[in-house]
Amino acid sequence: RPHAGQQLVARRMRALLAPPVGMSEISCSHAGCKRVQDSYTLRCTPQVHGIVNDTVQWVSDLLSVEMNSATDNPMVMVDTQTLLSGGNFHAEYPAK
């Protein structure tokens, strides 16, 4: 599936399993192996670790937006001497 975190982990695993120079220790240990499939844990790592990567990225992006946002109500614009009322104080995104 084309989930960003899953693709990132799969790229990292391919780089570890098939480095540009020589064979990795894991690749060497599978040379001549007659098994049909690699272990379940190896095959499912991108799916499991991928969602963790996506979640950490989502939380990082959310916190960055929240920390760099004004949430006062009303907002006092000193330079224009105006008050602006809004609903930015609502915390639905951090509560998610």
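Before reading further, recall that the structure is shown in the block above.
Residues numbered from 1 in each chain as written. Predicted model: local features only at pLDDT ≥ 70, side-chain atom pairs only at ≥ 80, totals over all residues. Heavy atoms only, no water.

### Here's the deal with the overall build of the chain
1) Next: A count of helical and extended segments in the chain gives four helices and two strands.
2) Next: Each helix (α) and strand (β) of the chain, taken in turn from the N terminus, gives the series α-α-α-β-β-α.
3) Next: Taking the principal axes of its C-alpha atoms as reference, the chain extends roughly 75 × 25 × 20 Å.
4) Next: Burial statistics for the chain: of 96 residues in total, 12% are counted as buried.
5) Next: Partitioning the contacts of the chain with sequence separation of at least 6, the portion at a separation of at least 24 is 51%. (Helix = DSSP H or I, 4+ residues; strand = E, 2+ residues; numbered from the N terminus. Buried < 20%, exposed > 50% of the residue type's maximum accessible area, 1.4 Å probe, protein only. Contact = heavy atoms within 4.5 Å.)

### What to know about unusual backbone geometry
In most cases, non-glycine residues show a negative phi, while peptide bonds are predominantly trans.
1) Next: Phi angles above zero are rare outside glycine, and Gln81 is one such case at about 50 degrees.
2) Next: Tracing the chain through its elements places Gln81 in the loop between strand S1 (75-77) and strand S2 (82-84).
3) Next: For Gln81, a relative accessible area of 74% puts it in the exposed group.

### Considering the packing of helix H1 (residues 4-17) against helix H3 (residues 40-67)
The geometry of a pair of packed helices is captured by two quantities: the angle between their axes and the separation between those axes.
1) Next: Closest axis-to-axis distance for the H1/H3 pair is 7 Å, and the angle between their directions is 130 degrees. In terms of orientation, H1 and H3 fall into the oblique class. As for how H1 packs across H3, the hand of that crossing is right-handed. Residues Ala4, Gly5, Gln6, Leu8, Val9, Ala10, Arg12 and Met13 of H1 pack against Leu42, Thr45, Pro46, Gln47, His49, Gly50, Asn53 and Asp54 of H3.
2) Next: Along the lines of polarity and charge, the residues of the contact of H1 with H3 split into seven nonpolar, seven polar and two charged. (Axes fitted to C-alpha atoms, helices over the stretch in contact; angles between N-to-C directions. Parallel < 35°, antiparallel > 145°, perpendicular 65-115°, else oblique. Left-handed = near helix turned anticlockwise from the far one by under 90°. Nonpolar A, V, L, I, M, F, W, Y, C, P; charged D, E, K, R; others polar.)

### Describing the environment of Cys33
1) Next: Relative to the helices and strands, Cys33 is located in the loop between helix H2 (25-29) and H3.
2) Next: Through-space distance from the C-alpha of Cys33 to that of His3 is 31 Å; in sequence the pair is 30 residues apart.

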